[in-house]
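As a plain string of letters, each chain reads:
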Amino acid sequence: MIKKFLNKNKNLVKCSREVLKAIDNKIPLVALESSIISHGMPYPQSLEMAKEIEEVIKGEGAQPATLAILDGKIQIGLDPEVLDAFAKTRRVEKVSSSNLDSTIFSKKAGGTTVAGSLRICNLASISVFVTGGIGGVHRNVSESMDVSADLQAIKESKTITVCAGPKTILDIPKTYEVLETLSIPVFSYRQKNLPAFWYRDSGLKSAYRIESPEAIAKIYIIARDTNSANGVLLCNPIPKKFSIEQTHLEPLISRGIIELKKANIMGKKLTPSLLSYLFQKTKGETLHSNIELVKNNAVLGAKVAKALSAA
């Protein structure tokens, strides 16, 4: 399917050398977002993290495919020299599903979010996508009406999204409620409760617990065979030693939201600003945990991709 897409859209899509080789050798692809590089972490940690994640996926026998927009084309996989240049680029558009087309048209560099990445996965028939945490319903949503496009994108994706749950800074119960409303099957990996990014346990019981990559691959195949139009969300708890205590972090999040609101920082600027605030207040602990949870998700995502290719 991906070869058909590439042949039909040569003027729109470019693949890295390693991704082309993997397609020829039938090595399963694992898609990765690029806004975590361009907007989620400071340089050079962003570049180091990106390289680490790619190596983790390769170590599990799959091929990483970092998605981005460059020179008016969708990039599926970034060659090493391209990744280095992308991580150093200062002016990068944050690409969601809604501005993917305009970013391609403008020929600006674009870092894909969860929503933007999943739209590309749908186009290219990539079945597994790995990220850190998904966007969702923001705290104080009754005032801001801020709900991430990630949720609708997951529903429409026909892709398995592997994450550590919704980002901790969101309204976690409302986010999971919207996922249920959208009929997105949400699985908790090897635990009864759902995770929430830096928190292993959100306190919310999972409707579905899954025990292995092979099981989620089989459920995904059944969903496709029964003509399900929805994506699948696999929530993988952060390793215990890298989790952050809720009692420590919650007061900082609440204080950060108040301070940023006073500074009139809202909307799209709120999440990166709040993450930066928490990084400073925890002396880098949140960033370190973020990197480790993405690596943990990459391992699971690669195993899921392998299980799908073997099914």
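Throughout what follows, the structure given in this document is the object of discussion.

Quick notes on the rules
- Residues numbered from 1 in each chain as written.
- Predicted model: local features only at pLDDT ≥ 70, side-chain atom pairs only at ≥ 80, totals over all residues.
- Heavy atoms only, no water.
- Helix = DSSP H or I, 4+ residues; strand = E, 2+ residues; numbered from the N terminus.
- Buried < 20%, exposed > 50% of the residue type's maximum accessible area, 1.4 Å probe, protein only.
- Contact = heavy atoms within 4.5 Å.
- Areas by Shrake-Rupley, 256 points an atom, 1.4 Å probe, with all protein chains shown as cover.
- Lys, Arg positive; Asp, Glu negative; His and termini not counted.
- Charge placed at Lys NZ, Arg CZ, Asp CG, Glu CD.
- Salt bridge = Lys/Arg side-chain N within 4 Å of Asp/Glu carboxyl O.
- Pairing = 2+ DSSP bridges.
- Core = buried A, V, L, I, M, F, W, Y, C linked by side-chain atoms within 4.5 Å.
- Axes fitted to C-alpha atoms, helices over the stretch in contact; angles between N-to-C directions.
- Parallel < 35°, antiparallel > 145°, perpendicular 65-115°, else oblique.
- Left-handed = near helix turned anticlockwise from the far one by under 90°.
- Nonpolar A, V, L, I, M, F, W, Y, C, P; charged D, E, K, R; others polar.

A closer look at the overall build of the protein
Of regular secondary structure, the protein possesses 14 helices and 11 strands. Residue burial in the protein is summarised as follows: out of 311 residues, 54% are buried. Within the protein, contacts between residues at least 6 apart in sequence are counted, and of these 73% link residues at least 24 apart. Looking at the protein as shown, the accessible area adds up to about 14,600 Å², and 52% of this sits on carbon and sulfur atoms. With 42 positive and 30 negative side-chain charges, the protein shows a separation of 3 Å between the mean positions of the two kinds.

Focus on the pattern of salt bridges
For the structure on display, the rule yields 12 salt bridges. In this structure, K58 engages E55 in a salt bridge whose closest nitrogen and oxygen atoms are separated by 3.7 Å. Placement of the pair is K58 and E55 together in helix α4 (residues 45–59), with a separation of 3 residues, close to one helical turn. In this structure K58 comes out as partly exposed when scored by relative accessible area, which is 28%.

Looking at the pairing of strand β2 (residues 29–32)
Side chains of β2 alternate between two faces, with L29 and A31 and V30 and L32 buried alike. Relative to strand β3 (residues 63–70), β2 runs parallel, the two sharing 4 bridges. In the strand pairing of β3, A31 is matched with A65. Examined bridge by bridge, β2 and strand β7 (residues 128–130) share 2 bridges and lie parallel to one another. Bridge pairing in β7 places L32 opposite V130.

Observations regarding the nonpolar core
Membership of the largest hydrophobic core comes to 105 residues, with the highest contact counts inside it found for I76, W198, L233, L234 and L278. Ranked by the residues each element gives to this core, the list is headed by helix α14 (residues 285–310), at 11 residues. The residues contacting L234, other than those within four sequence positions of it, are I160, T161, V162, C163, F187, Y189, I210, I216, L300 and V304.

Description of the packing of helix α11 (residues 213–225) against α14
At a minimum axis separation of 8 Å, α11 and α14 run at an interaxial angle of 55°. Our classification of the angle between α11 and α14 gives oblique. Classified by chirality, the crossing of α14 by α11 is right-handed. Only L300, K303, V304, A307 and L308 of α14 make contact with α11, whose side of the interface consists of P213, E214, I216, A217, Y220 and I221. When grouped by side-chain class, the residues that make up the contact of α11 with α14 number 9 nonpolar, no polar and 2 charged.

A look at the side chain of H138
Mapped onto the secondary structure, H138 falls in the loop between β7 and α8 (141–144). If near-sequence neighbours (up to four positions away) are discounted, H138 is found in contact with D146, L170, D171, L270 and T271.

Considerations on the pairing of strand β9 (residues 186–189)
Residues V186 and S188 of β9 are buried on one face, and the alternating residues F187 and Y189, pointing to the opposite face, are buried as well. Here β9 runs beside strand β11 (residues 232–235); their pairing, made up of 3 bridges, is parallel. The partner of S188 across the bridge, within β11, is C235. Bridge count between β9 and strand β10 (residues 208–210): 3 bridges; the pairing is parallel. From the neighbouring strand, F187 faces β10, where its bridge partner is Y208.

Examining the packing of α4 against α14
Think of two packed helices as two axes; the pair is described by the angle between the axes and how far apart they sit. Packing of α4 against α14 leaves a shortest axis separation of 8 Å and a crossing angle of 25°. In terms of axis orientation, α4 runs roughly parallel to α14. Seen from above, α4 lies across α14 with right-handed handedness. Residue-level inspection shows Q45, M49, E52, I53, V56 and I57 of α4 in contact with α14, the latter providing L287, I291, V294, K295, A298, V299 and A302.

Comments concerning unusual backbone geometry
Here the bond from Y43 into P44 is cis, since omega is 10°, no more than 30 degrees from zero. Mapped onto the elements, P44 comes out in the loop between α3 (35–40) and α4. In this structure, S125 takes a positive phi of about 55° despite not being glycine. Of note, S125 is situated in the loop between α7 (114–124) and β7.

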